[in-house]
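Geometric and topological summary
Here is what each chain is made of, one letter per residue.
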Amino acid sequence: MSLDYQKLMSWPFPAVARTYTQADSIAFARGFGAGASAAMQAEDAAFIGPSESIKALPMMAVALADGEFWQQNPATGIVWQQIVHAQEAVRIHRPLSVAGSVVITQKIKDLFDRGAEKGAVMVQEQLISDPDGQPLATIEVTTVLRGNGGFGGEPQNSSRPEPFPERPADAVLDVVTPVEPDTLFRLSADIAVASQAAGGDKPRAMIRGVGCFGLAGRGVLKMVCGNEPSRLRAFSVRYAGPMFTGETMRIELWNLREGYAVFRMQAVERQQPVLSH
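Turning our attention to the overall build of the chain. Counting secondary structure elements, the chain contains 5 helices and 14 strands. In terms of overall size, the chain behaves like a compact globule, its C-alpha atoms giving a radius of gyration of 19 Å where 277 residues would be expected to give roughly 19 Å. Each principal axis of the C-alpha atoms in the chain carries an extent, and together these give about 50 × 50 × 45 Å. Of all intrachain contacts in the chain linking residues separated by at least 6 positions in sequence, the fraction that spans at least 24 positions is 72%. Accessible surface, the chain as shown: approximately 13,800 Å² in total, 49% of it carbon and sulfur.

Encoded structure:
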């Protein structure tokens, strides 16, 4: 199905005001797997308590900006059933508060045509600001619109990511995903899939991209930022496969230069990739 390029590029997104509490911040952290890994209990306490003086995870910005599935509106022309969540990135301008009010604005930043067979690529930009208009975080979401290629737009000329070094990872961390099938970021309350872990056939819920993003970010925060949210400036991923409840994610990380690292994440039991860079 073809797209109306100009119509989509000028799609009218209303500004959304959102107020959240400390309880919400804790729920987001638990949705990112905080509290599930015995090896990270001490680090997770900074985000879920029991102390009252907790901190907000930077990846929480993506959860705060998570809104309605606007692509389902027939007027967009998007074949929403064939959308693939491809990439996500966040840049932190100022540390998020544990509780407060924010304003979310967004726009379509880019729309590329890969041809009728390969679909289109849409880049959406979301800005989270405080009530005074000071920017807190910028989020970039890239989706592949597999049913919307061939509209006559420009092709995407993005550069390839830096390759992983040909050496063992500088740091490796295993992180357990949320165990509860009704975890906050499950794909759907009534969708369950059979785990492909060796010897396992227990139905497990699939976790949405926002939950996967947050879990990986939580691990990387420990690995390179000393578990200090204010040290994280930017974080980005490419989605490579699904993540389910009750499995183990292995994060392998390489330091490339001062203040910059790359990582990948795979499901240990299934030996399948989940995130790349």
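Now that the structure has been shown, we can carry on.
Residues three or four positions apart in an α-helix share a direction because the helix packs 3.6 residues into each turn. Those residues of helix α2 (residues 22-31) that fall on the buried side of the exposure criterion are Ser25, Ile26, Phe28, Ala29 and Gly31. Buried residues belonging to α2 abut β1 (16-20), α3 (41-48), α4 (60-65) and α5 (209-224). Count one or two residues on from α2 and you reach Gly33, which has phi positive near 95°.

Attention shifts here to the layout of surface pockets. Reported here for the largest pocket is a volume of approximately 1,400 Å³. Phe235, Ser236, Val237, Tyr260 and His277 are the residues nearest the centre of the largest pocket, which is lined by 43 residues in total. Going through the elements one at a time, β2 (83-92), β4 (120-129), β5 (135-145), α5, β10 (234-239), β12 (248-257) and β13 (260-267) are the ones with two or more residues in the lining of the largest pocket. If one sorts the elements of the lining of the largest pocket by residue count, β2 sits on top with 8 residues. Split by residue class, the lining of the largest pocket holds 22 nonpolar, 10 polar and 11 charged. Every residue lining the second largest pocket is counted, 39 residues in all, and those nearest its centre are Asp66, Phe69, Gln71, His85 and Arg208. Within the lining of the second largest pocket, the residues separate by chemical class into 23 nonpolar, 11 polar and 5 charged.

With that settled, the discussion passes to the nonpolar core. In terms of nonpolar packing, the biggest core is built from 56 residues, with Ile128, Phe235, Phe263, Met265 and Leu275 touching the most fellow members. At 8 residues, the largest contribution of residues to this core is made by α5. With near-sequence residues (within four places) excluded, Phe263 lies in contact with Phe164, Ala216, Val220, Phe235, Ser236, Val237, Ile251, Glu252, Leu253, Leu275, Ser276 and His277. Listed in part, the 12 residues of the second largest apolar core include Trp11, Ile108, Leu111 and Met122.

On to the packing of aromatic side chains. Enumeration over the complete set of coordinates arrives at 9 aromatic pairs. Taking 5.4 Å as the distance between ring centres and 10° as the angle between the ring planes, the aromatic pair formed by Phe235 and Phe263 counts as stacked. Separated by 28 residues along the polypeptide, Phe235 in strand β10 and Phe263 in strand β13 bring together distant segments of the chain. Each member of the pair, Phe235 together with Phe263, is buried. Ring pairs connect the aromatic residues Trp11, Phe13 and Trp70, which therefore count as one cluster. Its guanidinium or amino end placed over the ring of Tyr260, Arg257 lies 4.2 Å from that ring's centre, counting from NZ or CZ. In this arrangement the basic side chain of Arg264 is found over the ring face of Phe164, its NZ or CZ atom lying 5.1 Å from the centre.

Further remarks concern the pattern of salt bridges. Applying the stated criterion across every chain yields a total of 11 salt bridges. Ionic pairing is found between Arg264 and Glu252, a salt bridge with its closest N-O pair at 2.9 Å. Taken together, the residues span a long stretch of sequence, with Arg264 in strand β13 and Glu252 in strand β12 at a distance of 12 residues.

So, about α3. Regarding α3, the residues found buried are Glu43, Asp44, Phe47 and Ile48. Buried residues of α3 fall within an arc of 125° about the axis and therefore sit on the same side. Buried positions along α3 lie against α2 and α5. Positive phi shows up at Gly49, right after α3, with a value of about 95°.

Attention now goes to the confidence of the model for the chain. Per-residue pLDDT for the chain averages 91, and the proportion of residues at 70 or more is 94%. Predicted confidence for residues 189-199 stays below pLDDT 50, and this span has 17 contacts to residues more than four positions away or in other chains.

Reading across from one edge, β1-β3-β4-β5-β2-β10-β14-β13-β12-β6 is the order of the 10 strands in this open sheet, with antiparallel pairing throughout. Taken across any chain shown, the strands that pair with only one partner, and hence form the sheet edges, are β1 and β6 (171-176). Each strand of the sheet is rotated relative to its neighbour by a mean of 25°, with strand direction disregarded. Where β2 meets β5, 9 bridges bridge the pair, whose relative direction is antiparallel. Note on β5: the bridge partner recorded for Val90 is Ile139.

Conventions and cut-offs
- Residues numbered from 1 in each chain as written.
- Predicted model: local features only at pLDDT ≥ 70, side-chain atom pairs only at ≥ 80, totals over all residues.
- Heavy atoms only, no water.
- Helix = DSSP H or I, 4+ residues; strand = E, 2+ residues; numbered from the N terminus.
- Rg over C-alpha atoms; globule rule 2.2 N^0.38 Å.
- Contact = heavy atoms within 4.5 Å.
- Areas by Shrake-Rupley, 256 points an atom, 1.4 Å probe, with all protein chains shown as cover.
- Buried < 20%, exposed > 50% of the residue type's maximum accessible area, 1.4 Å probe, protein only.
- 1 Å grid on protein atoms, 1.4 Å probe; cavity = no way out; pocket = protein on both sides within 12 Å on 5 of 7 lines; lining within 4 Å.
- Points joined across faces, edges and corners; volume = space filled by probe spheres on them.
- Nonpolar A, V, L, I, M, F, W, Y, C, P; charged D, E, K, R; others polar.
- Core = buried A, V, L, I, M, F, W, Y, C linked by side-chain atoms within 4.5 Å.
- Phe/Tyr/Trp six-rings, centres within 6.5 Å; stacked < 30°, edge-to-face > 60°.
- Lys NZ or Arg CZ within 6 Å of the ring centre and 35° of its normal.
- Salt bridge = Lys/Arg side-chain N within 4 Å of Asp/Glu carboxyl O.
- Arc of directions from axis to C-beta.
- pLDDT = per-residue confidence, 0-100.
- Pairing = 2+ DSSP bridges.
- Axes fitted to C-alpha atoms, helices over the stretch in contact; angles between N-to-C directions.

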